[in-house]
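Examination of the molecular architecture
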Amino acid sequence: MDSIVQCRVETIATDEDDIEVEPRSCSVKRRGYLRAPFDRRSSRERQHQVLYVEGRTHEAPKEVGIGRFASWSEAAEMPLDSVCVGPDHDALVVTGIRKYESAKGVRYKARYRKPDGREGSKAGFRTEASAKAFLRDLEQSRAHGTFVDPARGRETIAVVAEEWLTRRRAATAQRNGKLSTLARVEGIVEKHIIPVLGDHRVGALTQADVDAWVNTLSGEAESIRKYVSVLRGIMKHAMRSKRIAVNPVHDLTLPKVVRQKKRYLSHEQVTALHDAVNRTNDGESHGYGVITTLLAYCGLRWSEVSGLRIDDVDFEKRRIHIGHTIVLVGGRQVEDVPKNYEAREVPIPGFLATMLTEHVERREIEIVEDIARLTAHLERITTREQQIADLRTKYNTMTAYIAEVTEARRVLNERIAGINADRVQRIATELPYEALDESIARAERKLARLPRPEVLTKRRDGIPAKIERLEKRAAKDPRQKEIIEQGLAALAQKPLFVGARTRTWLRNATFRSGWLTPAVALMDAEARAAALKADLPIPRPLGDLEPHELRHTCASLAVSAGANVKVVQRLLGHEKASVTLDVYSDLFETDLDDVARRMDEIVWAMSADTDFSRGASETRPIPEDDPVWQK
């Protein structure tokens, strides 16, 4: 049962000679709160209203206020005819509107109770009606269970965006998202959302603000739509976390995406491109010509081609298993899940299987050689610090040895000089000196066996330069070591295609700039020369060809071979057949004509003797003896 707190209010009318106490009744509010009405009287009398709550006395304010207060003084300026007293007898829980003066003029402040019983307020209303409308909306949302605390909407978009990104990072770490997508989203937030909208309060963001932000964006229509999609996701998270009630990123006027006409290569052009790539920068030895054929006849995405392993190719079933992708994140290649998070198998034409067989045999040998080379390089890096330490020890040892040799040579030279002086005296006094000559010869032989200090010094002085060179290399060793370890880890997975220099996963930009673009230029030049020689019209050059256009070519060649939209969808790895129709709708434009033609052929084949002329199909009356009249 709800507790009831007894209280009474007495008004003391002040007079110089007399004090009159007037008891008044109190009404009980359920759930442990009491409502005690007050009369609006003159300011002089109102100052002396006294509230008695279970023996505690509180001096009433001039006007009982709005909100939940720890004392009467906090509610002194809040106009209201009633006040709610909590069961703790120390707090007032009321709602209403307060008028106040600000630097911009008169404003109104609304106070309210949250569903958890805590107080809240929002100021800055220009009119009392707008404040009342705000409170009515809060009451309605509380009744419908959609209450959103306006105070939570004061957080900035930058804070909410970081919280949203944190959740996405955690999901990606659990393999519930793609690393490439996360990197792209982080870039959009950092470059396009935070600089303009980061300081905006999430609860104050309006559709007009979003429209103004969209107008500041530059770039292609598809990119702008991606930026808006990221902001929509951030605000959707704000809705889920009860910061806002409505997502302002909706019903926007966005630039329309104009789909450009796709280019589709013919079988002859694909074959010519294969040969041209093989003849460009020794592409054949790297198997890059096989890549162009694989893209054109299997329809793989570049990330899927880059992530192919030798074990992904099943020559017995003639299938390629797509279960890994390699994407570029922050300038580094990382393994990621396939698009749409689904692995698939792609059929291999027979002629392509033959090419892949030869390429795989070559790759098996190259992988062993590459592992040996990288392992030796890694050993050199790991022993670099020891080499530097050994050189420093050698420098100190040589310095001490040079000092020792210098001292020994000095002693021998002084000895030879002394013996020569004795020899001169003996000659002058005609004494025998042959023994002295033998001593001089022995000393000179010892001196000759000692190395020359200047030679040792030159060798020693070259050591610091070697140490400096090694230290410069050692400064790069952590990154070099990381690259080599990544390369060894990649080689352990037996990549099907690798970079000519890096010997690890092949990059799109490397293949395109080093082989595809030069090969297309070679094709165009040869086609032009052949046309001029045969006195034929010069064919239209291919120009700049992207690897992804070979995926479009695969769709075109598959449709021309009779594949329906469902087959093309499975081949290209689209999530739905509707995606395939949207992307390659131009390839299926002739389907209706083909259906009509085939139906026509079937009907004519079944009714070879039937007259379908206009006169043969005229209406004739039904005979009277026809059974139809007997029904």
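Residues numbered from 1 in each chain as written. Predicted model: local features only at pLDDT ≥ 70, side-chain atom pairs only at ≥ 80, totals over all residues. Heavy atoms only, no water.

**Observations regarding a positive patch on the surface**
A surface patch of like charges, here positive, comprises Lys394, Arg459, Lys466, Arg469 and Arg473. A total of 3 residues in the positive patch trace back to one element, the largest contributor, which is helix H15 (residues 463-492). One can find Arg459 in helix H14 (residues 453-461). Judged by relative accessible area, which is 57%, Arg459 ranks as exposed. (Patch = residues over 30% accessible without salt bridge, like charges linked within 9 Å, V, L, I, M, F, W, Y side chains within 5 Å. Areas by Shrake-Rupley, 256 points an atom, 1.4 Å probe, with all protein chains shown as cover. Salt bridge = Lys/Arg side-chain N within 4 Å of Asp/Glu carboxyl O. Lys, Arg positive; Asp, Glu negative; His and termini not counted. Charge placed at Lys NZ, Arg CZ, Asp CG, Glu CD. Helix = DSSP H or I, 4+ residues; strand = E, 2+ residues; numbered from the N terminus. Buried < 20%, exposed > 50% of the residue type's maximum accessible area, 1.4 Å probe, protein only.)

**A word on the side chain of Thr553**
For Thr553, the location among the structural elements is in helix H17 (residues 547-560). When neighbours within four sequence positions are excluded, Thr553 is seen to be in contact with Arg263, Tyr264, Leu265, Val270 and Ala296. (Contact = heavy atoms within 4.5 Å.)

**Examining empty space enclosed by the protein**
Under the counting rule described, the total for this entry stands at 2 cavities of 30 Å³ or more. Surrounding the second largest cavity, Ser285, His286, Tyr288, His359, Arg363, Glu366, Val498 and Arg503 form its lining. Where the lining of the second largest cavity is concerned, the elements lending two or more residues are helix H8 (283-286) and helix H11 (350-382). For the lining of the second largest cavity, the element with the most residues is H11, which contributes 3 residues. In the lining of the second largest cavity, the residues fall into 2 nonpolar, 3 polar and 3 charged. (1 Å grid on protein atoms, 1.4 Å probe; cavity = no way out; pocket = protein on both sides within 12 Å on 5 of 7 lines; lining within 4 Å. Points joined across faces, edges and corners; volume = space filled by probe spheres on them. Nonpolar A, V, L, I, M, F, W, Y, C, P; charged D, E, K, R; others polar.)

**Focus on the sheet that holds strand S11 (residues 105-113)**
Consider a sheet: its strands pair through backbone hydrogen bonds, and that pairing is either parallel or antiparallel. Reading across the sheet, the 3 strands line up as S10-S11-S12 and stay open at both edges, with antiparallel pairing between neighbours. Where the open sheet ends on each side, the last strands, each with one partner, are strand S10 (96-102) and strand S12 (119-125). Sheet twist, expressed as the mean angle between neighbouring strand axes with direction ignored, is 25 degrees. Here S11 runs beside S12; their pairing, made up of 5 bridges, is antiparallel. Across the sheet, the residue bridging to Tyr108 is Phe125, located in S12. (Pairing = 2+ DSSP bridges. Axes fitted to C-alpha atoms, helices over the stretch in contact; angles between N-to-C directions.)

**Details of the sheet that holds strand S13 (residues 313-314)**
Pairing in this open sheet of 3 strands is antiparallel, and the strands run S13-S14-S17 from one edge to the other. If you trace the sheet from one side to the other, it starts and ends with S13 and strand S17 (344-347), each paired once. As paired strands, strand S14 (residues 319-322) and S17 are joined by 4 bridges and run antiparallel to one another. What sits directly across from His321, in S17, is Glu345.

**Considering the pattern of salt bridges**
Tallied over the entire structure, the rule returns 27 salt bridges. Arg243 is the salt-bridge partner of Glu163, the closest N and O atoms lying 2.8 Å from each other. Linking Glu163 in helix H3 (residues 157-173) with Arg243 in the loop between helix H6 (221-240) and helix H7 (267-278), this pair joins segments that are 80 residues apart in sequence. With relative accessibility at 30%, the residue Glu163 sits in the partly exposed group. Put simply, Lys472 and Glu468 hold a salt bridge, and the shortest N to O gap is 4.0 Å. With a gap of 4 residues between them, Lys472 and Glu468 both fall in helix H15, about one helical turn apart. Looking at Glu468, the relative accessible area reads 44%, which means it is partly exposed. Where salt bridges share partners, they join Arg363, Glu366, Asp370, Arg373 and Arg503 into one cluster.

**Some words on the packing of aromatic side chains**
One pass over the structure, following the stated rule, counts 5 aromatic pairs. Both rings, one in Phe125 and one in Phe134, keep their centres 5.3 Å apart while their planes meet at 45 degrees; by these two values the pair is tilted. Judged by relative accessible area, Phe125 falls into the buried class, the value being 12%. Pairing Tyr288 with Phe511 gives two aromatic rings, centres 5.8 Å apart and planes at 90 degrees, and the pair type is edge-to-face. One end of the pair, Tyr288, is in helix H9 (residues 288-298); the other, Phe511, is in helix H16 (residues 508-533), with 223 residues separating them in the sequence. On the basis of relative accessible area, Phe511 is assigned to the buried category, the value being 0%. Taken together, the ring pairs in this structure connect Tyr288, Trp302, Phe511 and Trp515 into an aromatic cluster. Positioned above the aromatic ring of Tyr584, the side-chain terminus of Lys262 is 5.7 Å from the ring centre. (Phe/Tyr/Trp six-rings, centres within 6.5 Å; stacked < 30°, edge-to-face > 60°. Lys NZ or Arg CZ within 6 Å of the ring centre and 35° of its normal.)

**With respect to the pairing of S10**
One ladder, built from 7 bridges, connects S10 with S11; its direction is antiparallel. Directly across from Arg98, in S11, lies its bridge partner Lys109. Hairpin geometry of S10 and S11 is characterised by an intervening segment of 2 residues between the two adjacent antiparallel strands.

**Some remarks on the nonpolar core**
Counting 52 residues, the largest nonpolar core has Leu273, Ile291, Leu356, Phe497 and Phe511 as its most contacted members. Mapped onto this core, the elements with two or more residues apiece are H7, H9, helix H10 (302-306), S14, H11, H16, H17 and helix H18 (565-572). Broken down by element, this core gets its largest block of residues, 8 residues, from H9. With 28 residues, the next largest nonpolar core counts Val202, Leu231, Val249 and Leu252 among its residues. (Core = buried A, V, L, I, M, F, W, Y, C linked by side-chain atoms within 4.5 Å.)

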